[in-house]
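Tertiary structure, described
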Amino acid sequence: MTLDVGRIRQDFPILGREIRPGVPLVYLDSTATTQKPLAVIQAMDEFYRRSNANIHRGVHTLAEEATALYEQARQKVARFVGASSADQIIFTRNATEAINLVAYAWGRANLQAGDVILLTEMEHHSNLVPWHMLAAERKLNLEFVPVTPDGLLDLEAYHRLLARTPRLVAFTHMSNVLGTINPATEMIRLAHEAGAVVLVDGAQSVPHLPVNVQALDVDFLAFSAHKMLGPTGIGVLYGKRSLLENMPPFLGGGDMIKSVHLTGFTPNTLPHKFEAGTPAIAEAVGLAAAIDYLEGIGMEAIAAHERALITYALERLEEVPGLRIFGPAAEHKGGVAAFTLEGVHPHDVAQILDTVGVAVRAGHHCAQPLHTKFGLPATTRASFYLYSTFQEVDALIEGLYQVKKVFGI
Amino acid sequence: MEDLYREIIIDRYKSPHYRGHLEPHDIAFADSNPLCGDHIEITVRVDENGRIADARFDGKGCAISQASADLLIESVIGKSLEEVKRLNKQDVLDLLGIELGPVRLKCALLSLKVLKAGVYGLGEASDDLVE
């Protein structure tokens, strides 16, 4: 199942560019956003050249074509994550908006003062702040599953916290900092036994691992197209039908209604009930092309490639004196390595790496509580995808020695 | 971009001349850059003629933020408060001897922002101070 990465890279025009003359790009920031294959760029280009029109209700040819493409994209997403039907796939702006949708629509209809929401310490701000906002409004109690020093969720604590009968358990399938892949199937089963509804943040898992919503038995799954080779501006919420049907709408406007009178409205059926206004149509077409591309390679093969890369990267990083890696051993994680280099601020590390063409991210990666837990204002993060190579890991390591040279350490 | 890490910047980052905290002091102010966690506190003693008799900075952050704080403090000792109020972005860049993109500019200008907010006696520091 070895990937032909050399061939894959030819599909990504940006990977051929130089950052400065003679300095090729080494893109190690795929956790933030991924690069786009030509197939995605061309699908969107083709949509605007040939089929662009607003969707639904139009009877002219372009409107019908655009509607068909948009709805085919929904079917493709449903099949990709194993949903039993396409009307359980809601298009949002991104994973963040998908989580906010659940907080507003499901949360406001179902949660009352004193109810508990169980989150974890490794959440991205997108799976923290919507719940902070709802908790403040509804006087809810937020509880957090602790992260162990080696970057795993403390599952004993999870058992204890479930005894407080949370109404909702929301956690990330894969940490965007530690790379930790959480035991989602088991966690969801336990949460259901405790009577909770479960939301999984799949922003990192859906792009990098085979994810099947029915196998997971997850109630809500949120993810973003731009982290899985697709365009920015479109994300997905999957929800179980019974939950989605009983939720009030999220945003109000066109398309989410069945009928409107001056005195009120009747909401549309799924999935349109949750898609107010003109959606990101070309982006849905781009997402469909991204899924085709990923399926053409195979999610198992992609996961295996990233496992091999992170195993090699952790070995090489550990050789660098003064370097400290955060997160679990390779067998528990995806292709993400967050680290600090003693004596050098993470921003300085990233800036000097940029001089040798290596693009990494520095900061708290929208997971400030996690960094606070480890006593750090920031880390430097390198992350991989199907187009990443072992040579790029070597370039990162060489770059880190360059950082040490500049700082005289 | 490698010029960003000129010897003087690495030097002042690793061995600052003006790191510390003055007690007693006439002016004290602190602020952070929430994006990267850079933090700078500045304490100042002012003499009877309204000139800065002594000043120190403390804090943590990247080389740019810490070196610019050290160089800024060095440059303002002996200056009048009125002169400090007139300092701007270009003065800090001249001290560092580099050009910076918008992200790292915030690191470089944090210390001037803190100093001017203290000198003006403001409740909170604003980016307008260093335009």
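In this report, we go over the structure that sits alongside the text. (Residues numbered from 1 in each chain as written. Chains lettered and ligands numbered in written order. Predicted model: local features only at pLDDT ≥ 70, side-chain atom pairs only at ≥ 80, totals over all residues.)

Residues and elements named next belong to chain A. At a minimum axis separation of 8 Å, helix α2 (residues 38-51) and helix α11 (residues 281-297) run at an interaxial angle of 145°. The way α2 lies across α11 gives a crossing that is right-handed. Only A282, V285, G286, A289, A290, D292 and Y293 of α11 make contact with α2, whose side of the interface consists of A39, V40, A43, M44, F47 and Y48. Of the residues assigned to the contact of α2 with α11, the class counts are eleven nonpolar, one polar and one charged. (Axes fitted to C-alpha atoms, helices over the stretch in contact; angles between N-to-C directions. Helix = DSSP H or I, 4+ residues; strand = E, 2+ residues; numbered from the N terminus. Left-handed = near helix turned anticlockwise from the far one by under 90°. Contact = placed C-beta atoms within 7 Å. Nonpolar A, V, L, I, M, F, W, Y, C, P; charged D, E, K, R; others polar.)

All names here are of chain B. The strand order across the open sheet formed by three strands is β1-β2-β3, and the pairing between neighbours is antiparallel. Strands with a single pairing partner mark the edges of an open sheet, and in this sheet they are β1 (27-33) and β3 (52-60). Pairwise comparison of adjacent strand axes, ignoring direction, gives a mean angle of 15° for this sheet. Note that β1 and strand β2 (residues 38-46) share seven bridges and pair antiparallel. Looking at the pairing, N33 lines up with D38 of β2. With respect to the sheet, helix α2 (residues 63-76) is in contact with β2 and β3, its orientation differing from that of β3 by roughly 175°. (Pairing = 2+ DSSP bridges.)

The next subject is the sheet that holds strand β9 (residues 220-224) of chain A. Residue and element names in this part refer to chain A. With respect to topology, seven strands assemble into an open sheet ordered β4-β10-β9-β8-β7-β5-β6, the strand pairing being mixed. Edge strands, defined here as strands with exactly one partner in the open sheet, are β4 (89-92) and β6 (141-145). With strand direction ignored, the average angle separating the axes of adjacent strands in the sheet is 20°. Of the pairings in the sheet, the one linking strand β7 (residues 168-172) to strand β8 (residues 197-201) comprises five bridges and is parallel in character. Counted as the bridge partner of T172 is D201 from β8.

Spatial relationships are all this shows, so hold off on functional conclusions.
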